[in-house]
There are 6 protein chains.
Amino acid sequence: MPFVNIRITKEGATKEQKEKLITGVTDLLVDVLGKNPKTTFVIIDEVETDNWGIGGESVTTVRSRSS
Amino acid sequence: MPFVNIRITKEGATKEQKEKLITGVTDLLVDVLGKNPKTTFVIIDEVETDNWGIGGESVTTVRSRSS
Amino acid sequence: MPFVNIRITKEGATKEQKEKLITGVTDLLVDVLGKNPKTTFVIIDEVETDNWGIGGESVTTVRSRSS
Amino acid sequence: MPFVNIRITKEGATKEQKEKLITGVTDLLVDVLGKNPKTTFVIIDEVETDNWGIGGESVTTVRSRSS
Amino acid sequence: MPFVNIRITKEGATKEQKEKLITGVTDLLVDVLGKNPKTTFVIIDEVETDNWGIGGESVTTVRSRSS
Amino acid sequence: MPFVNIRITKEGATKEQKEKLITGVTDLLVDVLGKNPKTTFVIIDEVETDNWGIGGESVTTVRSRSS
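Residues numbered from 1 in each chain as written. Chains lettered and ligands numbered in written order. Predicted model: local features only at pLDDT ≥ 70, side-chain atom pairs only at ≥ 80, totals over all residues. Heavy atoms only, no water.

Asks: Would you take a moment to explain the interface of chain C and chain A for this structure?
Replies: With 5 residues of chain C at the interface, the matching set in chain A holds 5 residues. Between chain C and chain A, roughly 470 Å² of surface is buried when both sides are summed, and carbon and sulfur atoms account for 91% of that area. Where chain C touches chain A, the interface holds 0 salt bridges. In this structure, the connection of chain C to chain A is made through 0 residue pairs in polar contact (both at pLDDT 80 or more). In terms of residue class, the side of chain C that touches chain A is built from 4 nonpolar, 1 polar and no charged. (Contact = heavy atoms within 4.5 Å. Buried area = accessible area lost by both parts, 1.4 Å probe. Salt bridge = Lys/Arg side-chain N within 4 Å of Asp/Glu carboxyl O. Polar contact = N/O pair within 3.5 Å; in protein donor to acceptor, adjacent residues only side chain to side chain. Nonpolar A, V, L, I, M, F, W, Y, C, P; charged D, E, K, R; others polar.)

Take a look at the structure:
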């Protein structure tokens, strides 16, 4: 009964892409560890770029410089 | 000083229901472990059904089939 | 299909107490939100007192002063 | 490669304040543990006051009484 | 720069299986969302069966009944 | 009443270093957001290098190559 939490920046992941993440990570846990998919939970958190930091600055700042 | 994180799908839990969850889980920690309610935190995360997976598919997909 | 994460300091909670937390929080989600207990997960994390801070110091330090 | 998750109530933290949290916590991990800032992640979650409980009631309720 | 947290019961996952989970979930994020693997973190938490509840009881209790 | 969770690899952080992280991050929240330190929680999770992945492989594997 695994629990998986995927955190990504909120930058337009579509419903279809999120569905693929859910299916893919569930299949992975079945294949590698023989887990039961029926009790495998996946939660995707989409985080605003202002609220995600890397290298000491927000992703918003990183993105503005590289554009 | 316990910390409790409750994650549920975002499907219309009311302010009153969330207040009951907070009170209930705090009382439980006081009763079972003698914890101090003043330093007991409860955070409720409501997750979009597109972003919650079970059985390899999103709750949105599960709900659409059962309706 | 709620997911609950309870974090407490590692200070001797017994197997019976942990079982009571699991049952209590599951019942609460059934009572307040009508959730299905079969797909309700509860994870208890027990954290070393050196690794838990409150008021700017570790619980180890807080406990040593009050004893 | 540390990962830091800061959870605060959603009560108007500005983009500048969040940037300062990201920089400050990253610097702290560099100074104390010699971590590489390039692989230091910080995620800030802002939680609605209805969804954050302390002392057995929501922060919304606490705030309404003290105002 | 995704962050993935996989939580499983502590029941003997090997170093090789954990390596496969890390590789698999990283590949998935590259394939589905075009994420950079270099800044993709995966953390696996292995939780004692006494500390994981499902259906209102611990996995320890569930396992003892089915054996 | 902020809650901060710091996750680092388990590679020998001392009690003193962890105390500094707790004090530093609490001070930061007081300085930047005017939070009350008495209800500021910090939890440090130390994760085995086998259980932390970056770039599609475990930190154990990364470390073995660079040594």
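Asks: What is the right way to read the interface of chain E and chain A from this model?
Replies: Chain E puts 26 residues into the contact, and the matching count from chain A is 26 residues. Buried surface at the junction of chain E and chain A, both sides included, amounts to about 2,100 Å², of which 77% is carbon and sulfur. For the interface between chain E and chain A, the tally reads 0 salt bridges. Counting the contacts that link chain E with chain A gives 5 residue pairs in polar contact (both at pLDDT 80 or more). For the side of chain E that touches chain A, the elements supplying multiple residues, two or more each, are β1 (3-9), α1 (15-33), β3 (52-54) and α2 (59-66) of chain E. Here the side of chain E that touches chain A gets 9 residues from one element, more than from any other, and that element is α1 of chain E. (Helix = DSSP H or I, 4+ residues; strand = E, 2+ residues; numbered from the N terminus.)

Asks: Looking at this model, I keep getting lost on the relation of the copies chain E and chain A. Mind explaining?
Replies: What relates the pair of chain copies is a rotation about an axis plus a shift along that axis. When chain E is brought onto chain A, the operation consists of a screw motion whose angular component is 180° and whose axial shift is 0.0 Å, with 0.0 Å RMSD remaining. Here the transformation between the copies is reduced to the relation of a two-fold axis. Minimal C-alpha distance to the rotation axis in chain E is attained by N5 of chain E, lying at 2.6 Å. (Least-squares fit on C-alpha atoms with pLDDT ≥ 70 in both.)

Asks: Please clarify how the sheet that holds strand β4 (residues 57-58) of chain A should be interpreted in this entry.
Replies: Taken in spatial order, the 8 strands make up an open sheet running β4(A)-β3(A)-β2(D)-β1(D)-β1(F)-β2(F)-β3(C)-β4(C), and their pairing is mixed. On the outer flanks of this sheet lie β4 of chain A together with β4 (57-58) of chain C, each paired with one strand and no other. Examined bridge by bridge, strand β1 (residues 3-9) of chain D and strand β1 (residues 3-9) of chain F share 5 bridges and lie antiparallel to one another. Across the sheet, V4 of chain D pairs through a bridge with I6 of chain F, a residue of β1 of chain F. (Pairing = 2+ DSSP bridges.)

Asks: Just checking my understanding: could you explain the relation of the copies chain C and chain A for this structure?
Replies: With an RMSD of 0.0 Å, chain C superimposes on chain A once it is rotated by 180° and translated 0.0 Å along the axis. A shared binding surface is used by both copies, with 100% of the interface residues of chain C retained as interface residues in chain A.

Asks: Mind showing me how you'd approach the environment of I43 of chain A here?
Replies: All names here are of chain A. Note on placement: I43 falls in strand β2 (residues 41-47). Exposure remark for I43: the relative accessible area of 0% places this residue in the buried category. Here the alpha-carbon distance between I43 and L28, two residues 15 residues apart in the chain, equals 15 Å. (Buried < 20%, exposed > 50% of the residue type's maximum accessible area, 1.4 Å probe, protein only.)

Asks: Looking at this structure, how should I read the pattern of salt bridges?
Replies: A side chain with one charge can pair with a side chain of the opposite charge if their charged atoms come near. All chains considered together, the criterion is met by 36 salt bridges over all chains. Across the pair R7 of chain E and D45 of chain C runs a salt bridge whose closest N-O atoms are separated by 2.9 Å. One end of the pair, R7 of chain E, is in strand β1; the other, D45 of chain C, is in strand β2 (residues 41-47), on a second chain. Salt bridges sharing partners connect three or more residues here, namely R7 and D45 of chain A, R7 and D45 of chain B together with R7 and D45 of chain D.

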